[in-house]
Amino acid sequence: MNQERVYQVLRGPHISEKSTIIADEANQVVFTVARDATKKEIKAAVEQLFEVKVRDVRVVNVNGKRKSFGRLQGRRPDWKKAYVALEAGEELDFIGGVE
């Protein structure tokens, strides 16, 4: 996979309360990914970019919410997120706390 596609597949980490609980308990990391990304592309991109071993990838298509702005009706865009399970002993830290 070329370097350009790696940066197109992974949009960024998805930081939420649920994702931090999953990271602690199940050694998984949650990413926001491109809508057309496949599981194989996500696995290759994470392994290449962060130099870790990936055990499993699960993807979820998230539907955008309908929002109203006064009299105007709008809709947020649909997006995709990936739950990436890392091999035992592997770790990925985005926050990088101060020691």
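This one's a predicted model, so the numbers in the text were calculated from it and none came from an experiment.

Participant: Would you mind going over the overall build of the protein in detail, with residue names and values included?
Facilitator: Regarding its fold elements, the protein presents 3 helices and 6 strands. The helix and strand sequence of the protein, counted from the amino end, reads α-β-α-β-α-β-β-β-β. Each principal axis of the C-alpha atoms in the protein carries an extent, and together these give about 50 × 35 × 25 Å. Looking at the protein as a whole, 29% of its 99 residues qualify as buried. Of the contacts formed within the protein by residues at least 6 apart in sequence, a portion of 61% connects residues at least 24 apart. Accessible area of the protein: about 7200 Å², with a carbon and sulfur share of 47%.

Participant: Account for the pattern of salt bridges, naming residues and giving values.
Facilitator: Taken as a whole and judged by the stated rule, the model has 4 salt bridges. A salt bridge links Glu 41 to Arg 5; the nearest nitrogen and oxygen atoms lie 2.9 Å apart. Of this pair, Glu 41 sits in helix α3 (residues 39-50) while Arg 5 is found in helix α1 (residues 3-9), placing the two residues 36 residues apart along the sequence. Among the salt bridges present, the one from Asp 78 reaches Arg 75, with a minimum N-O distance of 3.2 Å.

Participant: Can you lay out the packing of aromatic side chains for me, pointing to particular residues and giving the numbers?
Facilitator: The description of two aromatic rings rests on the distance between their centres and on the angle between their planes. Counted under the stated rule, the structure contains 1 aromatic pair. Taking NZ or CZ as reference, Arg 58 lies 5.3 Å from the ring centre of Tyr 83, over its face.

Participant: I'd like a rundown of the sheet that holds strand β6 (residues 79-86), residues and numbers included.
Facilitator: Sheet architecture is open: 4 strands sit in the order β1-β2-β6-β3, paired in antiparallel fashion. The sheet is open, and its two edges are formed by β1 (10-13) and β3 (54-62), each paired on a single side. In this sheet, neighbouring strand axes are inclined to one another by 30 degrees on average, regardless of whether the strands run parallel or antiparallel. Sheet topology places β1 next to strand β2 (residues 28-33); 3 bridges connect them, and they run antiparallel. Bridging from a neighbouring strand, Leu 10 pairs with Val 33 of β2. Across the sheet, α3 touches β1, β2, β3 and β6, and the angle it forms with β3 is around 125 degrees.

Participant: So what about the side chain of Arg 5? Which residues, and what values?
Facilitator: Among the residues examined, Arg 5 registers a relative accessible area of 18% and is labelled buried. Among residues more than four places away in sequence, those in contact with Arg 5 are Asp 36, Ala 37 and Glu 41.

Participant: Residue-level account of the environment of Val 52, with values.
Facilitator: The topology assignment puts Val 52 in the loop between α3 and β3. Residues Val 52 and Gly 89, 37 residues apart in the sequence, show an inter-C-alpha distance of 9.7 Å.

What counts as what
- Residues numbered from 1 in each chain as written.
- Predicted model: local features only at pLDDT ≥ 70, side-chain atom pairs only at ≥ 80, totals over all residues.
- Heavy atoms only, no water.
- Helix = DSSP H or I, 4+ residues; strand = E, 2+ residues; numbered from the N terminus.
- Buried < 20%, exposed > 50% of the residue type's maximum accessible area, 1.4 Å probe, protein only.
- Contact = heavy atoms within 4.5 Å.
- Areas by Shrake-Rupley, 256 points an atom, 1.4 Å probe, with all protein chains shown as cover.
- Salt bridge = Lys/Arg side-chain N within 4 Å of Asp/Glu carboxyl O.
- Phe/Tyr/Trp six-rings, centres within 6.5 Å; stacked < 30°, edge-to-face > 60°.
- Lys NZ or Arg CZ within 6 Å of the ring centre and 35° of its normal.
- Pairing = 2+ DSSP bridges.
- Axes fitted to C-alpha atoms, helices over the stretch in contact; angles between N-to-C directions.

In short, shape yes, function no, at least from these values alone.
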